[in-house]
Amino acid sequence: MINNLQEAQNCLLCKKPRCQTNCPINTPIPQVIELYKNGEIEKAGEILFNNNPLSVICAIVCPHERQCRGNCIRGIKKEPVHFHSIEEEISAKYLETTKFEKPESNGIKVAIIGSGPAGLTVAFDLAKRGYDVTIFEKNERIGGVLAYGIPEFRLPRKLIDLLVARLLDLGVKIKINSIVGPVVTLNKLFKDGYKSIFIGTGVWNPKRLDIKGETFGHSHYAIDYLKSPQYYSLGKKVVVIGAGNVAMDAARTAKRNGAEEVYIAYRRNFEDMTATKHEISEAQNEGVLFKTFEAPVEVVDEGIILARTEKVEVDGRSSVSIVPDSEYLFECDSILIAVSQAPKNTIVVNNKGVDTTKRGHIETDEKGHTTKEGVFACGDVVLGASTVIQAVNSAKIVSESMHEYLQEVAEEAAI
Ligand code: FAD
């Protein structure tokens, strides 16, 4: 159990805080720690929220070892300051105790498609500026990956409920079970009077392994599994393919849902895994077993055929290749595939004018303008599978540019 006051006292309050400069959203960490030490929790909460409306979420799910904690000067000789734990306490308290005032409406309607970290950030920002904001979310719960990907044991859902309560304070309208694309089109939204549309629909198509047998009944995509793991019967022995966040979450969830033996098979070594060290060690502590330098070759009824791999240099670059004749059958009851995701692009397919890149991501400039006038986008649907903090950070830039655009539209209408 972390003692937050002790953590705050441990902070060296550096003049050039590396924790802050290595935070993608530049959280004013020393300032917040000072306020915390002085008992000014509400002020600290306000500063954190205004800089990052999803502060309470990032405090839990950010890869801290690569950001604030990993760059803490104290960590060179001693234990680094666990700022994220202080941030979580302050931000949760702020959202619990502060009821927001609904600002005076400017009468301008904005549609937000998708309620993940990107959509929520834009919704908070524009609602605070007086826009009439409506969120369209295709699922019944708000939060995107926060609700349907990251498991509850890592991220308590009550924190998302707090964010929803604060959005409602600001007058944001939330339409759940409302997919935009096939029936409600972008042009229909414009016709109904929305002056600008934000797309933050994320990446929900699993990437295929492209091996034989991948569609068999005992082989599932981890991103689908994590939406409702309670309905799957995976059996006793499960193999997860991949070694990112999604793979770790799927493996740990499978363990919690009754699988006795869970393996993560990965074609490289531990240092190449994209999951954080923390996630990897949590999985290990919970008994997940790792098979490194192993690649999937074919899914068969009895399990999966794996092959050993080795590192090789190709044109001066490190790569992996399969060791000849090393294939073997690894018997298991189920396979979960977690090798990244791509956008579903329901909107793009059904609506002309929003261009995508070769990889299917929505094409935007650095301020989030898509190729269709008045339509903006950011988050995973633009960046590809990324992190919560990157979605929030890009959403801050995009909501600013939507505001600029909407002011111009309003000025033109007044002439
Ligand atoms: P999303 O969170 O994907 O939200 C998109 C929303 O749009 C969804 O609610 C979706 O239902 C909705 N939507 C889609 N299409 C439509 C439509 N046509 N109409 C209406 N609504 C639509 N990042 C971290 O920083 N730390 C972690 O620990 C971490 N763990 C992860 C674990 C898993 C299992 C996964 C999958 C991802 C994880 N990530 C993590 C990545 C992070 O969650 C994403 O980068 C982030 O959620 C992206 O936010 P977003 O708003 O762009 O998209």
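Residues numbered from 1 in each chain as written. Predicted model: local features only at pLDDT ≥ 70, side-chain atom pairs only at ≥ 80, totals over all residues. Heavy atoms only, no water.

Draft legend 1. Geometry of the site of the ligand. Around the ligand lies a shell of 35 residues, among which V61, E137, V180, W204 and D380 are the nearest. One nitrogen or oxygen atom from the main chain of V180 is found 2.8 Å from a nitrogen atom belonging to the ligand. Contacts to the ligand include G200, whose backbone N or O atom sits 3.5 Å from an oxygen atom. Contact with the protein chains removes 97% of the 1000 Å² of surface that the ligand exposes when unbound. Looking at the shell around the ligand, the elements with two or more residues in it are α7 (117–128), α12 (245–256) and α16 (388–414). Among the elements that take part in the shell around the ligand, α12 stands out by supplying three residues, more than any other. For the shell around the ligand, a count of residues per class yields 16 nonpolar, 14 polar and five charged. (Near = heavy atom within 4 Å. Polar contact = N/O pair within 3.5 Å; in protein donor to acceptor, adjacent residues only side chain to side chain. Areas by Shrake-Rupley, 256 points an atom, 1.4 Å probe, with all protein chains shown as cover. Helix = DSSP H or I, 4+ residues; strand = E, 2+ residues; numbered from the N terminus. Nonpolar A, V, L, I, M, F, W, Y, C, P; charged D, E, K, R; others polar.)

Draft legend 2. Fine view of unusual backbone geometry. Of note, L13 is a non-glycine position whose phi angle comes to about 45 degrees, a positive value. As for its placement among the helices and strands, L13 is situated in the loop between α1 (4–10) and α2 (18–21). Located in the positive-phi region is N345, a residue other than glycine, with phi close to 60 degrees. Mapping N345 onto the fold places it in the loop between β15 (341–342) and α14 (346–350).

Draft legend 3. Just the environment of K78, in detail. By the secondary structure assignment, K78 is in the loop between α5 (55–61) and α6 (83–97). On a C-alpha basis, the gap between K78 and A118 in space is 36 Å, while along the polypeptide they are 40 residues apart.

Draft legend 4. Just a nonpolar patch on the surface, in detail. Side chains of L12, I73 and I76 sit close together on the surface and give an oily, nonpolar patch of about 290 Å² of accessible area. Note that I76 resides in the loop between α5 and α6. Assessed through its relative accessible area of 61%, I76 is described here as exposed. (Patch = residues over 30% accessible without salt bridge, like charges linked within 9 Å, V, L, I, M, F, W, Y side chains within 5 Å. Salt bridge = Lys/Arg side-chain N within 4 Å of Asp/Glu carboxyl O. Buried < 20%, exposed > 50% of the residue type's maximum accessible area, 1.4 Å probe, protein only.)

Draft legend 5. View of the pairing of strand β8 (residues 261–266). Burial of β8 is extensive: five of the six residues sit out of reach of the surface. As judged from the five bridges shared by strand β7 (residues 237–241) and β8, these two strands associate in the parallel manner. Pairing of V240 across the sheet is with I264, part of β8. Two strands pair when backbone bridges link them, and β8 and strand β9 (residues 289–292) are joined in this way by four bridges, in the parallel orientation. Along β9, the bridge assignment pairs Y266 with T292. After leaving β8, the chain enters helix α13 (residues 277–285) and then returns to the sheet as β9, a path that is right-handed. (Pairing = 2+ DSSP bridges. Right-handed = clockwise from strand over helix to strand, strands pointing away.)

Draft legend 6. Structural view of helix α3 (residues 29–37). Restricting attention to buried positions, one finds in α3 the residues I29, P30, V32, I33, L35 and Y36. Contacts made by the buried residues of α3 are with α1, α2, α4 (41–51) and α6. Phi turns positive, to about 80 degrees, at G39, one or two residues after α3. (Contact = heavy atoms within 4.5 Å.)

Draft legend 7. Region of the structure containing the sheet that holds strand β1 (residues 109–113). The sheet built from five strands is open, its strands ordered β3-β2-β1-β4-β16 with parallel pairing. Of all the strands in the sheet, the pair left with one neighbour each is β3 (173–175) and β16 (375–377). Ignoring strand direction, the axes of neighbouring strands in this sheet form an average angle of 20 degrees. Relative to strand β2 (residues 132–136), β1 runs parallel, the two being bridged by five bridges. When the sheet's bridge partners are listed, K109 is paired in β2 with D132. The sheet strands contacting α7 are β1, β2 and β4 (194–199), and the helix crosses β2 at an angle near 165 degrees. Here α16 sits on the sheet and contacts β1, β4 and β16; the angle it forms with β4, its principal contact strand, is near 165 degrees. (Axes fitted to C-alpha atoms, helices over the stretch in contact; angles between N-to-C directions.)

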